[in-house]
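The chain contents come next:
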Amino acid sequence: MDAIAKLNNVPTSARKMRMVADLIRGEQVNRALNILKFESKEGAARLEKLLLSAISNWQIKNEDARLEDADLFIKSITVDGGRMLKRLRPAPQGRAHRIRKRSNHVTLVIASKNDTNVTAEVVEEVSNETDNN
C-alpha cells in the first residue's frame, strides 16, 4: 500500500528543489534519509521532514506491518512550480525591474517492495533508474 505526503508553497525555486529530489528518487527509505541528512542544500532539510511524514503516513495505513520488514522505497517524487510572488525593484532612470519570487509543490510517494499490490515492473523500473545513475 502506498503512502503519500505533500508539501505545498515551499519558498525556493522548483529547479533547486529538483536537484535534491533527483538524489533520492528510487532509493530505499533509510538510504534516502542518510543522503538528505548530510546534504548541504537548503531543500534537503525540508525533504527529510517530508519523507518522515510519508513514513508516518505509511505506518498509520499499515498498523499491523512492521516498518523494518516492509522494505520501503521512494516510488515517485515530483516537484512542480507553485505560486509566484511578483515584486518590483527600482532601476536607474525611473524604471523598475520585476522580481519573481518562486515557490514549489513537492509530492512524495513511498511503497513497500514486499507488498503484493506493487508489481514487479515498478520495482524493476526503479532499480533500473538507480543503476543508470
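Quick summary incoming for the structure in this document. (Residues numbered from 1 in each chain as written. Predicted model: local features only at pLDDT ≥ 70, side-chain atom pairs only at ≥ 80, totals over all residues. Heavy atoms only, no water.)

## Focus: the packing of aromatic side chains
Okay, step 1: Following the criterion strictly, the structure yields zero aromatic pairs and no others.
Okay, step 2: Directly above the aromatic system of F73 lies the positively charged group of K113, at a separation of 5.6 Å from the ring centroid. (Phe/Tyr/Trp six-rings, centres within 6.5 Å; stacked < 30°, edge-to-face > 60°. Lys NZ or Arg CZ within 6 Å of the ring centre and 35° of its normal.)

## Here's the deal with the packing of helix 2 (residues 29–38) against helix 3 (residues 42–61)
Okay, step 1: Between helix 2 and helix 3, the least distance of the axes is 9 Å, while the angle of their chain directions is 155°. Relative to helix 3, helix 2 is oriented roughly antiparallel. The crossing of helix 2 and helix 3 is left-handed. Of the residues in helix 3, those touching helix 2 at V29, A32, L33, L36 and K37 are A44, L47, E48, L51, L52 and I55.
Okay, step 2: Here the contact of helix 2 with helix 3 is built from residues that sort into nine nonpolar, no polar and two charged. (Axes fitted to C-alpha atoms, helices over the stretch in contact; angles between N-to-C directions. Helix = DSSP H or I, 4+ residues; strand = E, 2+ residues; numbered from the N terminus. Parallel < 35°, antiparallel > 145°, perpendicular 65-115°, else oblique. Left-handed = near helix turned anticlockwise from the far one by under 90°. Contact = heavy atoms within 4.5 Å. Nonpolar A, V, L, I, M, F, W, Y, C, P; charged D, E, K, R; others polar.)

## Looking at unusual backbone geometry
Okay, step 1: Within the chain, N9 stands out as a residue other than glycine whose phi angle is a positive 55°.
Okay, step 2: Positionally, N9 belongs in strand 1 (residues 3–10).
Okay, step 3: Residue N9 is classed as partly exposed on the basis of its relative accessible area of 37%. (Buried < 20%, exposed > 50% of the residue type's maximum accessible area, 1.4 Å probe, protein only.)

## Quick look at the layout of surface pockets
Okay, step 1: The computed volume of the largest pocket comes to approximately 160 Å³.
Okay, step 2: Of all the elements in the fold, those that place two or more residues in the lining of the largest pocket are helix 2 and helix 4 (67–70).
Okay, step 3: When residues in the lining of the largest pocket are grouped by element, the largest group, three residues, is from helix 2. (1 Å grid on protein atoms, 1.4 Å probe; cavity = no way out; pocket = protein on both sides within 12 Å on 5 of 7 lines; lining within 4 Å. Points joined across faces, edges and corners; volume = space filled by probe spheres on them.)

## Here's the deal with the side chain of S103
Okay, step 1: Within the secondary structure layout, S103 lies in the loop between strand 4 (96–101) and strand 5 (104–112).
Okay, step 2: Polar contacts involving the side chain of S103 include one to the main-chain carbonyl oxygen of R83, which spans 2.6 Å.
Okay, step 3: Excluding residues that lie within four positions of it along the chain, S103 makes contacts with N9, V10, P11, T12, G81, G82 and R83. (Polar contact = N/O pair within 3.5 Å; in protein donor to acceptor, adjacent residues only side chain to side chain.)

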